[in-house]
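Here is how the chains run, residue by residue.
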Amino acid sequence: MVPQASDPGLGEPLVEGPGIGVGTWAWGNQFLWGYDPRQDATLAACFRRAVQLGLSFFDTADSYGTGRWQGRSEQLLGAFTAGLDPAQRLPLTLATKLAPFPWRLGRGGFRRAFEASRLRLRGKLDLVQLHWSTSRYAPWQEDPLLDGLGDLVQQGEVAALGMSNLGPQRLRQVHGRLAQRGIPLRSLQVQLSLLCPGAVAGDGVAAVCRELGIELIAYSPLALGLLGRPPGRLPPLTTGPRRLLWRRLWPGVQPLLEALARIGSLHGATGDAVALNWCRAHGARPIVGLRTPAQAEQAAAALAWRLSLNERQELDQLAFAAAAAGTRMPANPFESA
Ligand SMILES: NC(=O)c1ccc[n+]([C@@H]2O[C@H](COP(=O)([O-])OP(=O)(O)OC[C@H]3O[C@@H](n4cnc5c(N)ncnc54)[C@H](OP(=O)(O)O)[C@@H]3O)[C@@H](O)[C@H]2O)c1
């Protein structure tokens, strides 16, 4: 079942197509994103602005937050959501991801983690996703955990299940396993951007999602923000390891950034909105990492228009040419075949 634009809790796109979700990986992550609790007021304002503008899908994970900030993303999201009026809160979809850490074993292996996430989210947890597949390194671990996730649905603890970082082969298997129990698989979340276009290639996972009626969710749609920068000089970056990645990718990404700026200007939009709408043009819901009210406004503005087929195809060509030349995001090592 592919959610429709009119479904409650799935955003209010101004034109037909997938909605845009909000990613919260940075909320509590000091290592990659330079999180500092003094940012919390801005994060709260970002959240409120996103909700005001109709962004209603929020993605978090129980592993988000580095060091002593472990769990911070869920805590902040839970606190911000609890501060809303019920009329604003109810239509939201809060989605978390549970990590298949090696010590989470067996059919009950996620039970405590699930309870802890639900507590941090103050009781509002609408979609539980398996964060990554263990099929490459501990294949025996995954099926019992999936069965346990299925139990959560059948016991009425959570409304819907999603997966993340599954390739086409494993997606079919998991879908089939759940289907045997009559449990629908609502969504699959994978890395998808103009710098990581593999999911929408002919043999990619997007085709399987379409065939099986699974919503496709695109994570890192701006390639950690790189696709939101204007072409030209490498912008200064204050925080950590992203700098190394950007420096490596910057020369090769220029043709893409130029195309984003040009196409954006035709729609009265900025390049970041074009990058988000490229995901939507492929039927995926981008979940963009937001930290400021201005970023929430930019993301919501992309809902007002769509790419033409020609524009999408031009960007497809540039994206696959860049990938073939080595200008691409690192693949997630935990993504299954
Ligand atoms: N399932 C998984 O394994 C997995 C993996 C990664 C991410 N995710 C999810 O996907 C979400 C999004 O991915 P991501 O955070 O990795 O990367 P992203 O969405 O590609 O990039 C996020 C960064 O882009 C910048 N940005 C945001 N809006 C912008 C705009 N309008 N113009 C220019 N730059 C803008 C911000 O950085 P600055 O504030 O520095 O400008 C922001 O932190 C995550 O938050 C998380 O929820 C899931």
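Preceding this section is the structure that the text describes.
Here's the deal with the packing of aromatic side chains
Under the definition given, this model contains ten aromatic pairs. Ring geometry for Phe47 versus Phe80: centroids 5.7 Å apart, planes at 40 degrees, classification tilted. With Phe47 in helix 2 (residues 40-52) and Phe80 in helix 3 (residues 72-82), the pair connects residues that are 33 residues apart, well separated along the chain. Neither Phe47 nor Phe80 differs from the other in exposure class; each is buried. When the ring of Phe101 is compared with that of Trp132, the centres are 6.1 Å apart and the planes differ by 70 degrees; the resulting orientation is edge-to-face.

Considerations on the packing of helix 10 (residues 271-281) against helix 12 (residues 309-324)
Relative to each other, helix 10 and helix 12 sit at 100 degrees, their axes nearing to 10 Å. Judged by the inter-axis angle, helix 10 sits roughly perpendicular to helix 12. Across the interface between the two elements, Val274, Trp278 and Ala281 of helix 10 pack against Arg312, Leu315 and Asp316 of helix 12. When its residues are assigned to classes, the contact of helix 10 with helix 12 shows four nonpolar, no polar and two charged.

Here we look at helix 8 (residues 205-212)
Buried within helix 8 we find Val205, Ala206, Val208 and Cys209. Buried residues of helix 8, viewed axially, fall in a sector of 160 degrees; they line one side. Facing away from the buried side of helix 8 by more than 90 degrees, the exposed set consists of Arg210 and Glu211. Each element contacted by the buried residues of helix 8 is listed here: helix 7 (168-179), strand 6 (185-191) and strand 7 (215-219).

Structural notes on the side chain of Arg170
Along the chain, Arg170 falls in helix 7. The exposure class of Arg170 is buried, given its relative accessible area of 10%. Of note is the side chain of Arg170, whose polar atom sits 2.6 Å from the side chain of Glu142. Among the polar contacts listed, one links the side chain of Arg170 to the side chain of Gln173, at a separation of 2.9 Å. Filtering out sequence-adjacent residues up to four positions away, Arg170 remains in contact with Ser133, Ser135, Glu142, Asp143, Leu146, Ser336 and Ala337.

Let's talk about the pairing of strand 6
Here strand 6 lies mainly inside the structure; seven of its seven residues are buried. Examined bridge by bridge, strand 5 (residues 160-164) and strand 6 share four bridges and lie parallel to one another. Opposite Gly162, over in strand 6, you have Ser187 as the bridge partner. In the sheet, strand 6 pairs with strand 7 via five bridges, with the strands oriented parallel. Counted as the bridge partner of Val190 is Ala218 from strand 7. Handedness of the crossover joining strand 6 and strand 7 through helix 8 is recorded here as right-handed.

Regarding the sheet that holds strand 3 (residues 93-98)
Strands sit in the order 1-2-3-4-5-6-7-8 around a closed barrel of eight strands; the barrel is parallel. Pairs of neighbouring strands in the sheet enclose a mean axial angle of 25 degrees, with direction left out of account. One ladder, built from four bridges, connects strand 7 with strand 8 (residues 284-289); its direction is parallel. For Ala218, the partnering residue across the bridge sits in strand 8 and is Pro286.

About the thresholds
- Residues numbered from 1 in each chain as written.
- Predicted model: local features only at pLDDT ≥ 70, side-chain atom pairs only at ≥ 80, totals over all residues.
- Heavy atoms only, no water.
- Phe/Tyr/Trp six-rings, centres within 6.5 Å; stacked < 30°, edge-to-face > 60°.
- Helix = DSSP H or I, 4+ residues; strand = E, 2+ residues; numbered from the N terminus.
- Buried < 20%, exposed > 50% of the residue type's maximum accessible area, 1.4 Å probe, protein only.
- Axes fitted to C-alpha atoms, helices over the stretch in contact; angles between N-to-C directions.
- Parallel < 35°, antiparallel > 145°, perpendicular 65-115°, else oblique.
- Contact = heavy atoms within 4.5 Å.
- Nonpolar A, V, L, I, M, F, W, Y, C, P; charged D, E, K, R; others polar.
- Arc of directions from axis to C-beta.
- Polar contact = N/O pair within 3.5 Å; in protein donor to acceptor, adjacent residues only side chain to side chain.
- Pairing = 2+ DSSP bridges.
- Right-handed = clockwise from strand over helix to strand, strands pointing away.

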